[in-house]
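Each chain is listed here by its residues.
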Amino acid sequence: AVVSTQSTGVMSANDRCSRRVTCNTLFYMIHSSKRMYDNVLKSNWDQLKLCTIVGNSFQSYVTHTTDSCLLRLVPHLFRSTDHSNEVELPKFVSYPNVFNNTVIINFLSSVESNEIFKSTFPVDSSQDEMEIIL
């Protein structure tokens, strides 16, 4: 119902979640990769308060992945947890493993640009993290 009342459209090109927002924006990113989340954050780092994400829990990533790995592969995701609030969505009682890690993430403030985030983070694909989705 919300989508039908708003101006919506289909993106003409895959920007790999690097779209910079100009107004309050909801990103529906259920079970997206960590890098896609990081791209959204990187593109909007100085205006995070305009972004809301429905997706996987960033806190869960921080809890289950080493800091060094997150800083190397998804530094914005890792650092955003200090500026965000997560609200867990209700579980599907009949299917407890479906969307069991889904949250709504609001950002409490935007983060001032920082020299560390102005550069591109190289990723060594030989050390790429493997994701297992069950």
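Residues numbered from 1 in each chain as written. Predicted model: local features only at pLDDT ≥ 70, side-chain atom pairs only at ≥ 80, totals over all residues. Heavy atoms only, no water.

### Structural notes on the overall build of the chain
Right, on to step 1. From N to C terminus, the chain includes six helices and four strands.
Right, on to step 2. If you list the helices and strands of the chain from N to C, you get α-β-α-β-α-α-α-β-β-α.
Right, on to step 3. Counting over 134 residues, the chain shows a buried share of 31%.
Right, on to step 4. In the chain, the share of contacts with a sequence separation of at least 24, taken over all contacts with a separation of at least 6, comes to 68%. (Helix = DSSP H or I, 4+ residues; strand = E, 2+ residues; numbered from the N terminus. Buried < 20%, exposed > 50% of the residue type's maximum accessible area, 1.4 Å probe, protein only. Contact = heavy atoms within 4.5 Å.)

### Describing the packing of aromatic side chains
Right, on to step 1. Under the criterion given, the structure shown has two aromatic pairs.
Right, on to step 2. Chaining the aromatic ring pairs together yields one cluster made of Tyr37, Phe58 and Tyr61. (Phe/Tyr/Trp six-rings, centres within 6.5 Å; stacked < 30°, edge-to-face > 60°.)

### Considerations on the side chain of Thr81
Right, on to step 1. Structurally, the position occupied by Thr81 is in the loop between helix H5 (75–80) and strand S3 (84–88).
Right, on to step 2. Residue classification places Thr81 among the buried residues on the basis of a relative accessible area of 13%.
Right, on to step 3. Once you skip the residues sitting within four places of it in the chain, Thr81 turns out to touch Phe58, Gln59 and Val62.

### Digging into the confidence of the model for the chain
Right, on to step 1. Per-residue confidence for the chain averages 81 on the pLDDT scale, and 75% of its residues sit at or above 70.
Right, on to step 2. Of all the helices and strands in the chain, helix H6 (residues 115–118) carries the lowest mean pLDDT, 46, while helix H2 (residues 34–43) carries the highest, 96.
Right, on to step 3. Predicted confidence for residues 118–134 stays below pLDDT 50, and this span has 20 contacts to residues more than four positions away or in other chains. (pLDDT = per-residue confidence, 0-100.)

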